[in-house]
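# Survey of secondary and tertiary structure
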Amino acid sequence: MNPLRTLPLPLPKAMTVAASIAAGLIALAPAAQARNVRLMESVADTARASRVHDILGNLDMRFGSDSARGANIIRRDVVVKGVGATKLDDVGDDDRVRPRDHELCARAFEDAVTQLAFAARGARATSIVGVVSNYEGSVFDDPTHFECHAGALKAAVTLRAQLAVGPVAPNVVPVISPPPPAPVPVPVAPPPAPIPVAPEPATAPPPTFQPVPPAPAPSPN
């Protein structure tokens, strides 16, 4: 006697489509997580677009390894990794629209600078010098740019710095410094009012002199 075989029932068309979509999303997930875009961001532009100036306060921060020459280093090779996520303020739902890579890099840069400022104040340093990018141990040394790696959900900025006290090299201009105060407009005084000029007195017409007739000659006697 042959055993009974159960034939699989065909799935409804809607369930088949849903299963296909789910399989496609699962296949795309590793690719999204593996996204790693390398960006070179401007230090000055990113500082203006973030809270970096407020975070540093009176601390000097200078990029490029040359900026550490002659400085009195009290703590060497401080490495921090800043992360910029799609969430705002680390709580709440993700942004309705994913921020651009530049915005995520600005958040990661701000996070890294916050960690460096915390380390500098803990070491009683007055400046953060010789700052270079150090993503996964690979050094990118530039006085005006830093390296950022943006993924699908977050960006990462790794910085390595030297903490110093006292004055730094005077010929090196800090890349990040407090913004200069806005110039105060100088009030322009209105032109002085014209000084009234007294009218000239009216001159009398010159007198008309009539010649005096000569005296009559005396008559002879």
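See above for the structure.
Now for a quick tour of the structure. If you're wondering where the values come from, they're calculated on a predicted model, not measured in any experiment.

## Thoughts on the state of the cysteines
A complete count under the given rule lists one disulfide for this structure. Shown here is the disulfide that connects C105 with C148, its sulfur atoms set 2.0 Å apart. Its torsion about the S-S bond being -90°, the disulfide of C105 and C148 is classed as left-handed. Highlighted residues: C105 in helix α4 (residues 101-122) and C148 in strand β6 (residues 145-150), separated in sequence by 43 residues. Taking relative accessible area as the criterion, C148 reaches 0% and is therefore assigned buried.

## Digging into the pattern of salt bridges
One pass over the structure, following the stated rule, counts nine salt bridges. E147 is the partner of R38 in a salt bridge, and the nearest nitrogen-oxygen pair spans 2.8 Å. Of this pair, R38 sits in strand β1 (residues 37-42) while E147 sits in strand β6, placing them 109 residues apart in sequence. Take R38: its relative accessible area is 51%, and that puts it in the exposed class. Since its relative accessible area comes to 5%, E147 is described here as buried. Between D101 and R98 there is a salt bridge, with its nearest N and O atoms 3.0 Å apart. Among the residues examined, D101 registers a relative accessible area of 15% and is labelled buried. What makes R98 partly exposed here is its relative accessible area of 35%.

## Points about unusual backbone geometry
Backbone phi values are negative for most residues with the exception of glycine, while trans is the configuration of most peptide bonds. Even without being a glycine, D77 presents a positive backbone phi close to 50°. If you trace the backbone, D77 turns up in strand β3 (residues 72-85). You can call D77 partly exposed: its relative accessible area is 47%. We note that R124 has phi near 60°; this positive angle belongs to a residue other than glycine. Mapped onto the elements, R124 comes out in the loop between α4 and β4 (127-135).

## Details of the packing of aromatic side chains
In the structure shown here, the tally under the stated rule is two aromatic pairs. Measuring from ring centre to ring centre gives 4.3 Å for F109 and F146, while their planes differ by 20°; the resulting arrangement is stacked. With F109 in helix α4 and F146 in strand β6, this residue pair connects regions lying 37 residues apart in the sequence. Put simply, the rings of F63, F109 and F146 pair up and form one aromatic cluster.

## Here we look at the nonpolar core
Counting 32 residues, the largest nonpolar core has M61, F109, I128 and L159 as its most contacted members. Those elements that place two or more of their residues in this core are α2 (43-48), α3 (52-56), β2 (60-63), β3, α4, β4, β6 and β7 (154-165). Looking at this core element by element, the count peaks at 10 residues for α4. Setting aside residues up to four positions removed in sequence, I128 forms contacts with L56, L59, D60, M61, R62, L116, A117, A120, A161, Q162 and L163. If you look at the next biggest cluster of nonpolar residues, it comprises six residues, including A68, I73, A164 and V168.

## A few points about the environment of V131
Along the polypeptide, V131 turns up in strand β4. C-alpha separation for the pair V131 and F146, spaced 15 residues apart in sequence, amounts to 9.1 Å. Aside from chain neighbours lying at most four places away, what touches V131 is M61, R62, F63, G64, S67, L159, R160 and A161.

## Details of the side chain of T158
Turning to its location among the elements, T158 is positioned in strand β7. Those residues in contact with T158, other than ones at most four positions away along the chain, are V79, V80, K81, V132, S133, N134 and Y135.

## Looking at the pairing of β4
By the criterion of burial, β4 is predominantly enclosed, with nine of the nine residues buried. Of the pairings in the sheet, the one linking β2 to β4 comprises three bridges and is parallel in character. Residue pairing in the sheet places D60 in a bridge with S127 of β4. In this sheet, β7 lies alongside β4 in antiparallel orientation, the contact comprising five bridges. Among the inter-strand pairings, V132 is bridged to a residue of β7, identified as R160. Pairing of β4 with strand β5 (residues 138-140) involves three bridges; the strand directions are antiparallel. Looking at the pairing, Y135 lines up with S138 of β5. The hairpin formed by β4 and β5 contains two residues between the paired strands, and E136 there has a positive phi angle of roughly 50°.

Criteria and thresholds
Residue positions are given per chain, counting from 1 as you read along its sequence in written order. Local features in a predicted model are, by the rule used here, given only for residues with pLDDT of at least 70; side-chain atom pairs are given and counted only at 80 or more, and totals for whole chains, interfaces and linings are based on all residues. Side-chain calculation: all heavy atoms of the structure are included, whereas hydrogens and water are not. Here, two cysteine sulfur atoms that lie within 2.5 Å of each other are counted as a disulfide. Under the DSSP-based scheme used, a helix requires at least four consecutive residues in state H or I and a strand at least two consecutive residues in state E, with every element numbered from the N terminus. Think of it in three bands: with a 1.4 Å probe and only protein chains considered, a residue is buried below 20% of the maximum accessible area for its type, exposed above 50%, and partly exposed in between. By definition here, a salt bridge exists when the distance from a side-chain nitrogen of Lys or Arg to a carboxyl oxygen of Asp or Glu is within 4 Å. When two rings of Phe, Tyr or Trp (its six-membered ring) have centres within 6.5 Å they constitute a pair, described as stacked for plane angles under 30 degrees, edge-to-face for angles over 60, and tilted for the intermediate range. Within this scheme, the nonpolar core is defined by two criteria: the residues are buried Ala, Val, Leu, Ile, Met, Phe, Trp, Tyr or Cys, and they are joined through side-chain atoms within 4.5 Å. Two residues form a contact once any of their heavy atoms are found within 4.5 Å. Strands were regarded as paired on the criterion that DSSP finds at least two bridges between them.

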